[in-house]
There are 4 protein chains.
Amino acid sequence: MTIRATVWNEYHHEQTNRTVADIYPDGIHGTIAAALQAAGIEAATATLPEPEHGLTEERLAQTDVLLWWGHARHGDVDDAIAQRVAEAVWAGMGLIVLHSGHFSKPFKKLMGTPCNLTWREAGERERIWLTAPNHPIAAGVPNPFVLENEEMYGEPFGIPEPEQTVFVSWFQGGEVFRSGACWTRGAGKVFYFRPGHETYPTYHDANVLKVIANAVEWAYNPAARIADPNAAPNVPVESAPEKIERRGKGLHAEGEEGFR
Amino acid sequence: MTIRATVWNEYHHEQTNRTVADIYPDGIHGTIAAALQAAGIEAATATLPEPEHGLTEERLAQTDVLLWWGHARHGDVDDAIAQRVAEAVWAGMGLIVLHSGHFSKPFKKLMGTPCNLTWREAGERERIWLTAPNHPIAAGVPNPFVLENEEMYGEPFGIPEPEQTVFVSWFQGGEVFRSGACWTRGAGKVFYFRPGHETYPTYHDANVLKVIANAVEWAYNPAARIADPNAAPNVPVESAPEKIERRGKGLHAEGEEGFR
Amino acid sequence: MTIRATVWNEYHHEQTNRTVADIYPDGIHGTIAAALQAAGIEAATATLPEPEHGLTEERLAQTDVLLWWGHARHGDVDDAIAQRVAEAVWAGMGLIVLHSGHFSKPFKKLMGTPCNLTWREAGERERIWLTAPNHPIAAGVPNPFVLENEEMYGEPFGIPEPEQTVFVSWFQGGEVFRSGACWTRGAGKVFYFRPGHETYPTYHDANVLKVIANAVEWAYNPAARIADPNAAPNVPVESAPEKIERRGKGLHAEGEEGFR
Amino acid sequence: MTIRATVWNEYHHEQTNRTVADIYPDGIHGTIAAALQAAGIEAATATLPEPEHGLTEERLAQTDVLLWWGHARHGDVDDAIAQRVAEAVWAGMGLIVLHSGHFSKPFKKLMGTPCNLTWREAGERERIWLTAPNHPIAAGVPNPFVLENEEMYGEPFGIPEPEQTVFVSWFQGGEVFRSGACWTRGAGKVFYFRPGHETYPTYHDANVLKVIANAVEWAYNPAARIADPNAAPNVPVESAPEKIERRGKGLHAEGEEGFR
């Protein structure tokens, strides 16, 4: 079965900055979506300026894995849409967060941490090392691979301890960074992948694109989406798996909704 | 050095429900604070009705470990206060979340997951097993210990995989639940502890109180609080640990603030 | 591509105990292998009495996922074969450890912990709860499912904190147990699944067999096996990714093997 | 209460190599023990040539935290002593593994993985970054700190995913390495710390010594040592927490020992 990905982009600097526009004439989302298509993934796009940022309930319901790129306009993402994305992840949608998306609302919401870091824009060399032998996200990628010009992100990276650390980066200027990290959130899988500063041609790099396509396949959960990932159902006394009788005093009438 | 705890309570059912008022005439917060004092911990209290819910910046700055009990009025907690609590945790404050606090704003914000579960109010027997040998939170507590009347919470519990699972509960009606679980969030430690339905005298139980006091000691981080846990400092090119020169084109003027 | 599983069994009680022989006339390995075949997995078997316990280098090289059942004769497994199994896991083979295999040499070697527990053979009811929503190992299995007669295993279970806890069991006699747990070891995935005492017909239960087949699919790593999972290659100075010159004094001549 | 540390060293190159002897006239163990003493920790030493390598049952029983340095003579460590160390950790002893101790028998036994890496002896610069904000092991240590001459260790490092990654190293020659990592094994805590090649004066560096002293304090478990960390006690039917009656057929007579 074909995996359905949606590549989301704030789509800002491609329209306001000459350097970025020259590198990504189709937008970062367009470039990534084309690469996913070439890898056999069904890839659509969505952007900030679209109604509901292009992320309607219907769209998310038809998205197996969402990719997220944002940088200058995190604050313009509607809180309700960020929450909708988080709930889709809890229900089973995969999420790939790219580069400056570390400060996006959905990623911060899903991590429960500041997601901060140190940074420097100097076009320096980044060398990305594989730390997890034979992890599916690194399939077919050399260890290490190099991006000759990238923005530096440095530790400490304000994330929960990763469930798996797949990549760690070396920077020419002397820093290191956990560049590829995996988490589970409800029925959904989340992968953060560091590279992708918009003034460098990172998303034209074959290794970067291979990692992103691998990550989409890794994050895909074939199980049916959970209908209500926030459900907290009452189990009536008479439905208890073992026969019991109600004892003591209570707050709730039988079958009543819980508090939230 | 004496640890400074603050016990927070929505303080609702003690004032509106006869059963709860009889069990906790001083409020759940009062009962827990007295037990912490008896264990050598300096314990203050704060409640929902107080200005800023009693959780001013000053109060949090003087709180090493915050304990949180809420149930019926999660929705009345101000979003800004919940965010303030999360940021204090990221900066180094410990947080102990009790029972129905699983649905509190600070806990959900820090976990990044729905934190949902199944439940039944039947006054049934709960038997709490220790899963982590010699964990400091279980020091001096028998394995297992029993609460003769408790509300049932059942799996799946919508949390990130715990960094350490300390307790798992058995319920008379047939369910199980991960009742004690640890996470790190920034410089702060978080512990969730399941028991504590307000219509039963759980917070008068010696084992429960021992666990809570242990958890306060475990969650205490003696390091100085991080001044700004969200800081994402730029490292100017000339301050790079290794000498580099700026290459390629960029978005940012030297020393400029990053986007958020 | 068809997954190649090998079901290993010490094959002892089926040949020495009337009760067990009646339940598993083809051996536990035969019963499980037949179920895997029916699920579309290519399943072979291997047993303790065979030369090299049926686990030659060639056999392991052709095994994508190994399943392990042992109980009375852990001590008769050759240390070198246990080490061979561990190295195959490090190189990418999946491993599913069943029931009393918790005390097997390969499992203990891969966990680095005692893998001990409490136990009772009383034919009591076990109810297995799903703790990880939509985990692939639980696909198509009801939450909970019940085994009317099983041996009890109780906490604390002497394992490293699982990377994912998939199942937790409730026992009629009052205990709980983390019944399904996942780890990564090198390029290999390991799953422990609790049920399966040989005097009860557990491996004829459709849910148990479904979990085992799911686990085989989950544990399968399609990447090429790592040739030498213990390799610790020297990187000669002249091959360093960044140009450096040797400084200071050393122990090793250039290109020399490291110590072990 | 004063923590009792034992610093173990194979004590080989200090006696056979001029460079190492000049840097560590008292042995690596002597240098580290002196620094621990200065930090208020009671520090003894033990070495490979002593009877039972200096690690008798009595000595381990009186050791709160064991530090381990070995390199050229891992193979000369008796298997029974390595097992004894592992069992002491399971029972509650802390263990700090230093540098080339990654290939020591106790560390490999406790990790369950190959613990391999890449390496280069070139006296290059290592810069050690803190990845866990305010972790007690990094207290009072600048972020980053630099060792001007060290051996390189590179990823992939063949360890289980750390429970907490405290340090990541940058190397001048272009590699990265997870240099400080924490695990729990039974009741014991394990910390691996990378620096310490014997031909460089690493254990005279104030930051390195501060980290080691911090790690000893972190690894100390004040709970009483578990008497038998391998115990797997039978729970007789009549002692079950909930009243049950034996059903079905079994292998074991009541109260019989389990198989191993």
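A few points on the structure. (Residues numbered from 1 in each chain as written. Chains lettered and ligands numbered in written order. Predicted model: local features only at pLDDT ≥ 70, side-chain atom pairs only at ≥ 80, totals over all residues. Heavy atoms only, no water.)

As a further point, take the relation of the copies chain C and chain A. Least-squares fitting of chain C to chain A yields an RMSD of 0.0 Å, with the transformation described by 0.0 Å of translation along the axis and a rotation of 180°. Classification of the inter-copy transformation places it as that of a two-fold axis. Of every C-alpha in chain C, the one belonging to Glu-163 of chain C sits nearest the axis of rotation, 3.5 Å from it. A shared interface surface links the copies, since 100% of the contact residues of chain C are contact residues in chain A too. (Least-squares fit on C-alpha atoms with pLDDT ≥ 70 in both. Contact = heavy atoms within 4.5 Å.)

The subject of this paragraph is the packing of aromatic side chains. Residues and elements named next belong to chain B. Evaluation of the coordinates by the stated rule reveals 46 aromatic pairs over all chains. Taking the centre distance of 6.1 Å and the plane angle of 90° together, the rings of Phe-145 and Phe-167 count as edge-to-face. With Phe-145 in strand S6 (residues 145-154) and Phe-167 in strand S7 (residues 164-171), the pair connects residues that are 22 residues apart, well separated along the chain. The class of Phe-145 is buried, set by a relative accessible area of 2%. Take Phe-167: its relative accessible area is 2%, and that puts it in the buried class. Centre to centre, the rings of Phe-167 and Phe-193 are 5.7 Å apart; their planes meet at 50°, and the pair counts as tilted. Note that Phe-167 is positioned in strand S7 and Phe-193 in strand S9 (residues 188-193), a separation of 26 residues in sequence. Given a relative accessible area of 0%, Phe-193 falls into the buried group. (Phe/Tyr/Trp six-rings, centres within 6.5 Å; stacked < 30°, edge-to-face > 60°. Helix = DSSP H or I, 4+ residues; strand = E, 2+ residues; numbered from the N terminus. Buried < 20%, exposed > 50% of the residue type's maximum accessible area, 1.4 Å probe, protein only.)

All names here are of chain A. Pairing is mixed in the open sheet, where nine strands are placed in the order S2-S1-S3-S4-S9-S8-S7-S5-S6. The open sheet has two free edges, formed respectively by strand S2 (42-47) and strand S6 (145-154), since each of these has just one partner strand. The average undirected angle you get between the axes of adjacent strands in this sheet is 25°. The strands that helix H3 (residues 27-38) touches are strand S1 (4-9), S2, strand S3 (65-69) and strand S4 (94-98); relative to S2, the one it contacts most, it runs at about 170°. (Pairing = 2+ DSSP bridges. Axes fitted to C-alpha atoms, helices over the stretch in contact; angles between N-to-C directions.)

Our focus in this paragraph is the pairing of strand S9 (residues 188-193) of chain A. Residue and element names in this part refer to chain A. Burial analysis of S9 places five of its six residues in the buried class, the great majority of the element. Bridge count for S4 against S9 is four bridges, and the pairing is parallel. The residue of S9 that forms the bridge with Val-97 is Tyr-192. Relative to S9, strand S8 (residues 176-185) runs antiparallel, the two being bridged by six bridges. Looking at S9, one finds that Thr-184 is bridged to Lys-189. Count of turn residues in the S8/S9 antiparallel hairpin: two residues, of which Gly-186 carries a positive phi of about 65°.

These figures come from the coordinates and say nothing about function on their own.
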